[in-house]
Every structure is written in structure tokens, then in C-alpha cells.
Amino acid sequence: MFYQRDDKNISAAWAAFCDNHTWVDTLRVGLGTNAFGTDVHEFALVSNTSTTTTFGPKAGDSALLHGQAYYVVFAVTNPAQAAEFYRTAPLYIDQTPPEAHWVVDVFPQELP
């Protein structure tokens, strides 16, 4: 589980995908609010050698939602059109401000 304060973008980086029997023909990347969903951004075709992408808020929204889990989802397809699906761990948007803590200095002469 990961958290980030930025509610405007989610960036993802990954090691290049490979297929042990043939090669990666297509790579599609999406963003969703459940483990393999793409309800925020539908799958988009990217270069099969891509290793990074960035997503913004859903169309019509001005920001990603505080407290919401987001998953980057990958669809990797070989030339036979056999597809494998992968996802990241959940990333939560957390706009909670830090708690204010107080420090009180006590000098020895002030102790009873």
C-alpha cells in the first residue's frame, strides 16, 4: 500500500515486460479504482518498450479523489493474442494535513 499527497497526477514506472516464448506484441495501460478495473482511464496502447506513464484525473474531474485507492493496470499481449494482466499495489491519495505536535521544553530548575 502506498500513499501520495499529489491529487493531480499518478506516475508509474516498471521494468519492461517480456514473453518467454515469443515477444510482447502490444502493451496497454489503464487506471482504475479496483484491482483490475480501468474506470478512471480505459486501456491505452503504449509502445511495447515503454516503462513509464502518467495519469491525471478522470475526464471531467479536477483532481484524483482523497482517500481513494488507485491501481495502474497492464494488459500485455503476445503475437498469438494471448494476454496477461498485471496491476500495481494500491496507491491512495491522502490530502490529510500533518498533525501538529507540541514540544514543551522543561528546564531542570522548573521541576518540583
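How each quantity is defined
- Residues numbered from 1 in each chain as written.
- Predicted model: local features only at pLDDT ≥ 70, side-chain atom pairs only at ≥ 80, totals over all residues.
- Heavy atoms only, no water.
- Core = buried A, V, L, I, M, F, W, Y, C linked by side-chain atoms within 4.5 Å.
- Buried < 20%, exposed > 50% of the residue type's maximum accessible area, 1.4 Å probe, protein only.
- Helix = DSSP H or I, 4+ residues; strand = E, 2+ residues; numbered from the N terminus.
- Contact = heavy atoms within 4.5 Å.
- Pairing = 2+ DSSP bridges.
- Phe/Tyr/Trp six-rings, centres within 6.5 Å; stacked < 30°, edge-to-face > 60°.

**Regarding the nonpolar core**
Consideration 1: Ile10, Val29, Leu31, Tyr70 and Val72 are the most contacted members of the largest nonpolar core, which has 16 residues in total.
Consideration 2: Elements with a minimum of two residues in this core: β2 (10-13), β3 (26-32), β6 (69-77) and β8 (91-93).
Consideration 3: Top element by residues in this core is β6. It accounts for four residues.
Consideration 4: Leu31 has contacts with Ile10, Gly37, Thr38, Asp39, Val40, His41, Phe55, Gly56, Tyr70, Tyr71 and Val72, leaving out every residue within four places of it along the chain.

**Re the environment of Glu84**
Consideration 1: Checked against the element boundaries, Glu84 lands in strand β7 (residues 83-87).
Consideration 2: Taking the C-alpha atoms as reference points, Glu84 and Leu27, separated by 57 residues in sequence, lie 9.9 Å from one another.

**Brief notes about the pairing of β6**
Within a regular strand, the side chains alternate between the two sheet faces.
Consideration 1: Burial analysis of β6 places nine of its nine residues in the buried class, which makes it a mostly covered element.
Consideration 2: Burial along β6 is two-sided: Ala69, Tyr71, Val73, Ala75 and Thr77 and Tyr70, Val72, Phe74 and Val76, pointing in opposite directions, are all buried.
Consideration 3: In the sheet, β3 pairs with β6 via seven bridges, with the strands oriented antiparallel. Pairing of Val29 across the sheet is with Phe74, part of β6.
Consideration 4: Counting the residues between successive antiparallel strands, the hairpin from β6 to β7 contains five residues, one of them, Gln81, with a positive phi of roughly 70°.

**With respect to the side chain of Thr77**
Consideration 1: Locating Thr77 in the fold gives a position in strand β6.
Consideration 2: By relative accessible area, which is 5% here, Thr77 ends up buried.
Consideration 3: The residues contacting Thr77, other than those within four sequence positions of it, are Trp23, Val24, Asp25, Thr26, Ala82 and Ala83.

**Things to note about the packing of aromatic side chains**
Consideration 1: Summed over the entire model, instances satisfying the criterion amount to five aromatic pairs.
Consideration 2: Summarising the aromatic geometry, the rings of Phe43 and Phe85 are spaced 6.2 Å apart at their centres and angled 45° between planes, so their arrangement reads as tilted. Here the residue Phe43 occupies a position in strand β4 (residues 41-46), and Phe85 occupies one in strand β7, the gap between them amounting to 42 residues.
Consideration 3: Residue Phe85 is classed as partly exposed on the basis of its relative accessible area of 42%.

**Some words on the environment of Ala12**
Consideration 1: For Ala12, the position within the fold is in strand β2.
Consideration 2: Overall, the relative accessible area of 11% leaves Ala12 in the buried class.
Consideration 3: Residues Ala12 and Thr52, spaced 40 residues apart in sequence, show a C-alpha to C-alpha distance of 5.5 Å.
Consideration 4: The residues contacting Ala12, other than those within four sequence positions of it, are Thr51, Thr52, Thr53 and Val72.

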